[in-house]
Amino acid sequence: MKTVRPKKNLGQHFLTDLNIARRIADTVDACPSVPVLEVGPGMGVLTQYLMQKPRKLKVVELDKESVSYLEENYPALKDNIIYGDFLQMDLSKVFEGEQFVLTGNYPYDISSQIFFKMLDNRELIPCCTGMIQREVAERITSAPGNKAYGILSVLIQAWYDTEYLFTVDENVFNPPPKVKSAVIRLTRNSVTDLGCDEKLFKRVVKTVFNQRRKMLRVSVKQIFAGQEMPDSNFFNTDVMTKRPEQLSVSQFVELTNTIAGYLK
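Notes on the structure in this doc start here. For clarity, every value in this text was computed on a predicted model and none was experimentally measured.

**Re the pattern of salt bridges**
No. 1: Summed over all chains, the structure comprises 11 salt bridges.
No. 2: A salt bridge links Arg 185 to Glu 163; its shortest N-O distance comes to 3.0 Å. On the criterion of sequence distance, the pair formed by Arg 185 in strand S9 (residues 181–188) and Glu 163 in strand S7 (residues 160–168) is long-range, its members being 22 residues apart.
No. 3: Several salt bridges converge on common partners, so that one network encompasses Arg 122, Glu 123, Arg 188 and Glu 198.

**Thoughts on helix H5 (residues 134–141)**
No. 1: Looking at H5, one finds that the buried residues are Val 136, Ala 137 and Ile 140. One side of H5 carries all its buried residues, which in axial view fall inside an arc of 100°.
No. 2: Buried positions along H5 lie against helix H4 (111–120), strand S6 (127–133), helix H6 (151–157), S7 and S9.

**Here we look at the environment of Pro 175**
No. 1: Inspection of the secondary structure puts Pro 175 in the loop between strand S8 (173–174) and S9.
No. 2: Once the C-alpha coordinates of Pro 175 and Arg 5 are considered, the two residues, 170 residues apart in sequence, prove to be 9.8 Å apart.

**What to know about the packing of aromatic side chains**
No. 1: A complete count under the given rule lists seven aromatic pairs for this structure.
No. 2: Summarising the aromatic geometry, the rings of Phe 95 and Phe 100 are spaced 5.7 Å apart at their centres and angled 45° between planes, so their arrangement reads as tilted.
No. 3: Take Phe 95: its relative accessible area is 6%, and that puts it in the buried class.
No. 4: Classification of Phe 100 as buried rests on a relative accessible area of 0%.
No. 5: Pairing Tyr 149 with Phe 209 gives two aromatic rings, centres 6.1 Å apart and planes at 70°, and the pair type is edge-to-face. With Tyr 149 in the loop between H5 and H6 and Phe 209 in helix H7 (residues 198–209), this residue pair connects regions lying 60 residues apart in the sequence.
No. 6: One aromatic cluster is present, built from ring pairs that chain together Phe 224, Phe 234, Phe 235 and Tyr 262.
No. 7: Looking at Lys 58, its charged tip hangs above the ring of Phe 95, at a distance of 5.3 Å from the centre.
No. 8: Looking at Lys 206, its charged tip hangs above the ring of Phe 116, at a distance of 5.4 Å from the centre.

**Describing the sheet that holds strand S4 (residues 81–83)**
No. 1: Strand order in this open sheet of seven strands is S4-S3-S2-S5-S6-S9-S7, and the pairing throughout is mixed. With partners counted over all chains shown, the strands left at the sheet margins are S4 and S7, one partner each. Along the sheet, successive strands turn relative to each other by an average axial angle of 20°, direction set aside.
No. 2: Relative to S9, S7 runs antiparallel, the two being bridged by eight bridges. Opposite Thr 167, over in S9, you have Ala 182 as the bridge partner.
No. 3: Together, strand S3 (57–61) and S4 form the strand contacts of helix H3 (residues 64–73), whose direction differs from that of S4 by roughly 160°.

Quick notes on the rules
- Residues numbered from 1 in each chain as written.
- Predicted model: local features only at pLDDT ≥ 70, side-chain atom pairs only at ≥ 80, totals over all residues.
- Heavy atoms only, no water.
- Salt bridge = Lys/Arg side-chain N within 4 Å of Asp/Glu carboxyl O.
- Helix = DSSP H or I, 4+ residues; strand = E, 2+ residues; numbered from the N terminus.
- Buried < 20%, exposed > 50% of the residue type's maximum accessible area, 1.4 Å probe, protein only.
- Arc of directions from axis to C-beta.
- Contact = heavy atoms within 4.5 Å.
- Phe/Tyr/Trp six-rings, centres within 6.5 Å; stacked < 30°, edge-to-face > 60°.
- Lys NZ or Arg CZ within 6 Å of the ring centre and 35° of its normal.
- Pairing = 2+ DSSP bridges.
- Axes fitted to C-alpha atoms, helices over the stretch in contact; angles between N-to-C directions.

Quick look at the structure:
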């Protein structure tokens, strides 16, 4: 049987361990009955186990060679293979507005972009699972006070409960990546409104983490560039002596509201 050649420019590392593929497929069971969209199915090692589940399944694949392989080897899937770029898709049209679980063995080089797109479509995606670079998995699931805690941690944890499920070694891929991988699960929490300006919230989080070693009283000043700085009372509060990795999501919400009161 002809196989697909892994393409470096697409960040392809094909999983070869069927037991791990089965375990990843089973992560979607936490959100039963909801359709599933798999990103980057490659040669279908994960897809074959997702197909066994009693729910709708679609896959999106950018590699034409992989699409041909899937059509030939998984004929039952043929009408549900989307040839295209997940990052460019209108997700509201995938299942005609119906919610779905997002899963996959995600390409390392676009995994963060995939999660940002998930956040933009969070009302459509109650659950997201899959395999990513371990370092990114640690960032997403990290609690405040840890070195891994950062932009992804705050923005995702604002809307999703995060779970680090298990680590995957390099030797179960073709070709083996240079780093370890990890499987995570994100489940939509009950938050419907952050309680602050969401656009400003993102801006605050990204701004202060871009200077993560500095106290907030230093990094926050960038947000006021081009306008009059707040008075000294603003910078003399306890929170301004902290560094960004020390703040919880709720504290970032409070900080955003405080900053909003001074912005013109």
